[in-house]
Amino acid sequence: MEVIGDRTWRQPAPPKYVFERLTEPHKDPRRDWLILLDDEVEPKIMEAAEYDLVVWSSIWSWHPKAMLRFELTPDDGSGTRLRFLLSDEADPGPASVGHMRKRPNQLLAELMFSFGQ
């Protein structure tokens, strides 16, 4: 797998709550943050280590081999440093990579807003 995207976000909640939202994004309908586009599919949890790591299958129906890896670490406050790594078997080209990098950033912004930030 080739890493085609890598970014770290700060989330205002502790790792336990960020982990729960990543593994059960629709658990609380009042705070639903994983709103998929027409060409996207619900990710499957491929791997998870409680409060440290979540790996999703691809959210793109047109790129089923892509994966999103989320690494969670406590930050120096009460929040979480959430790093995402986007990987795929091969580089899908500049246009696709641009879209694929942008979308997790949009979703992680929605995740942050779901915590009231």
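Structural data are supplied above this passage.
In this text the structure is predicted, and so the values were computed from the model without any measurement.

Each value, and the rule that gives it
- Residues numbered from 1 in each chain as written.
- Predicted model: local features only at pLDDT ≥ 70, side-chain atom pairs only at ≥ 80, totals over all residues.
- Heavy atoms only, no water.
- Helix = DSSP H or I, 4+ residues; strand = E, 2+ residues; numbered from the N terminus.
- Rg over C-alpha atoms; globule rule 2.2 N^0.38 Å.
- Contact = heavy atoms within 4.5 Å.
- Areas by Shrake-Rupley, 256 points an atom, 1.4 Å probe, with all protein chains shown as cover.
- Lys, Arg positive; Asp, Glu negative; His and termini not counted.
- Charge placed at Lys NZ, Arg CZ, Asp CG, Glu CD.
- Expected span 1.5 Å × (residues − 1).
- Buried < 20%, exposed > 50% of the residue type's maximum accessible area, 1.4 Å probe, protein only.
- Phe/Tyr/Trp six-rings, centres within 6.5 Å; stacked < 30°, edge-to-face > 60°.
- Salt bridge = Lys/Arg side-chain N within 4 Å of Asp/Glu carboxyl O.
- 1 Å grid on protein atoms, 1.4 Å probe; cavity = no way out; pocket = protein on both sides within 12 Å on 5 of 7 lines; lining within 4 Å.
- Points joined across faces, edges and corners; volume = space filled by probe spheres on them.
- Nonpolar A, V, L, I, M, F, W, Y, C, P; charged D, E, K, R; others polar.

This paragraph deals with the overall build of the protein chain. When its secondary structure is counted, the protein chain shows 2 helices and 5 strands. Taken against the 2.2 N^0.38 rule, which gives 13 Å for 117 residues, the C-alpha radius of gyration of the protein chain at 14 Å falls within 12% of a compact globule. C-alpha atoms of the protein chain, sized along the principal axes, occupy 40 × 30 × 25 Å. Sequence-distant contacts in the protein chain: of pairs separated by 6 or more residues, those separated by 24 or more amount to 56%. Only carbon and sulfur atoms are counted for the fraction: they give 51% of the accessible area of the protein chain, which is about 6500 Å². Distance between charge centres in the protein chain, computed from 15 positive and 20 negative side chains, equals 4 Å.

Its 21 residues place the ends of helix α2 (residues 94-114) 31 Å apart at the C-alpha level, agreeing with the 30 Å of an ideal helix rising 1.5 Å per residue. Burial in α2 covers these residues: V97, M100, R103, P104, N105, L107, L108, A109, L111 and S114. On the buried face of α2, the contacting elements are β1 (2-11), α1 (15-23), β4 (67-74) and β5 (80-88). Trailing α2 by a residue or two, G116 shows a phi angle of about 90°, which is positive.

Each aromatic ring pair is characterised by the separation of its centres together with the angle its planes make. The final tally for this structure, using the stated rule, is 4 aromatic pairs. Ring centres of F19 and Y51 lie 5.6 Å apart, and the angle between their planes is 85°; on these two criteria the pair is classed as edge-to-face. Of this pair, F19 sits in helix α1 while Y51 is found in the loop between β2 (45-49) and β3 (53-57), placing the two residues 32 residues apart along the sequence. Geometrically, the ring pair formed by W60 and W62 is tilted, given 6.4 Å between the ring centres and 55° between the ring planes. Given a relative accessible area of 34%, W62 falls into the partly exposed group. What links up through ring pairs into an aromatic cluster is the set W33, W56 and F70.

Applying the stated rule across the entire model yields 8 salt bridges. The partner of R10 in a salt bridge is D75, and the shortest N-O contact between them spans 2.6 Å. On the criterion of sequence distance, the pair formed by R10 in strand β1 and D75 in the loop between β4 and β5 is long-range, its members being 65 residues apart. The partner of D28 in a salt bridge is R30, and the shortest N-O contact between them spans 3.2 Å.

With that settled, consider the layout of surface pockets. In this model, the largest pocket occupies a volume close to 190 Å³. If you go around the largest pocket, you meet 14 residues; those closest to its centre are S57, S58, P64, K65 and A66. Along the lines of polarity and charge, the residues of the lining of the largest pocket split into 7 nonpolar, 3 polar and 4 charged.

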